[in-house]
Amino acid sequence: MTARHSLSDRYARGVLGAVILGLLAGYLGRMLTPGPGPSGCFPTLAIGLVGSLVGYFVFTEALGIGDAEILDLGGLPGAILGTIVVLVVLQAIGRRDA
């Protein structure tokens, strides 16, 4: 049973880390991106999580920079840059539809 508990504890820490990273990356990415953007806790979290994944794939997978952990606080700079990319794309789509 200890292996099961340690796996669930590790998963819970991973989810908590992802939420914290998503909130930080979303908030900081919004602050650094000019123009209108989504506001509120859940949109910020969602955009931050997507931006974190974008940052991971661009920096770690494509460029070989960073570590192998997808959502950890050490990847905050890449997550913020990924969030900025996501916000710029969303703004471009919003301008095209308007």
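Above this text sits the structure in question.
Quick summary incoming for the structure in this document. Small disclaimer: the values here were computed from a predicted structure and weren't measured.

The next subject is the overall build of the protein chain. Counting its regular elements, the protein chain contains 3 helices and 0 strands. In the protein chain, the succession of helices and strands from N to C terminus is α-α-α. Among the 98 residues that make up the protein chain, the fraction classed as buried is 27%. If you take every contact in the protein chain between residues at least 6 apart in sequence, the share linking residues at least 24 apart comes to 67%. Summed over its atoms, the accessible surface of the protein chain is roughly 6500 Å², and 71% of this surface lies on carbon and sulfur atoms.

Take a nonpolar patch on the surface next. Residues Leu16, Ile20, Leu24, Tyr27, Leu28, Met31 and Leu32 make up a contiguous nonpolar surface patch of about 660 Å² in total accessible area. Tracing the backbone through its elements, the reader meets Leu28 in helix α1 (residues 2-32). Take Leu28: its relative accessible area is 31%, and that puts it in the partly exposed class.

It is worth spelling out the side chain of Thr83 at this point. Residue position: Thr83 is located in helix α3 (residues 76-97). Overall, the relative accessible area of 0% leaves Thr83 in the buried class. Those residues in contact with Thr83, other than ones at most four positions away along the chain, are Ala25, Gly26, Gly29, Ile47, Gly48, Gly51 and Ser52.

Attention now goes to the nonpolar core. Core analysis: the biggest nonpolar cluster contains 5 residues, these being Leu21, Ala25, Leu76, Ala79 and Ile80. Mapped by element, the contributors of at least two residues to this core are α1 and α3. At 3 residues, the largest contribution of residues to this core is made by α3. If near-sequence neighbours (up to four positions away) are discounted, Ala25 is found in contact with Gly48, Ser52, Leu76, Ala79, Ile80 and Thr83.

The subject of this paragraph is the environment of Val54. Residue position: Val54 is located in helix α2 (residues 41-62). By relative accessible area, which is 27% here, Val54 ends up partly exposed. Taking the C-alpha atoms as reference points, Val54 and Ile80, 26 residues apart in sequence, are found 9.6 Å from one another. The contact partners of Val54, leaving out residues within four places of it in the chain, are Gly82 and Val86.

Quick notes on the rules
Residues numbered from 1 in each chain as written. Predicted model: local features only at pLDDT ≥ 70, side-chain atom pairs only at ≥ 80, totals over all residues. Heavy atoms only, no water. Helix = DSSP H or I, 4+ residues; strand = E, 2+ residues; numbered from the N terminus. Buried < 20%, exposed > 50% of the residue type's maximum accessible area, 1.4 Å probe, protein only. Contact = heavy atoms within 4.5 Å. Areas by Shrake-Rupley, 256 points an atom, 1.4 Å probe, with all protein chains shown as cover. Patch = residues over 30% accessible without salt bridge, like charges linked within 9 Å, V, L, I, M, F, W, Y side chains within 5 Å. Salt bridge = Lys/Arg side-chain N within 4 Å of Asp/Glu carboxyl O. Core = buried A, V, L, I, M, F, W, Y, C linked by side-chain atoms within 4.5 Å.

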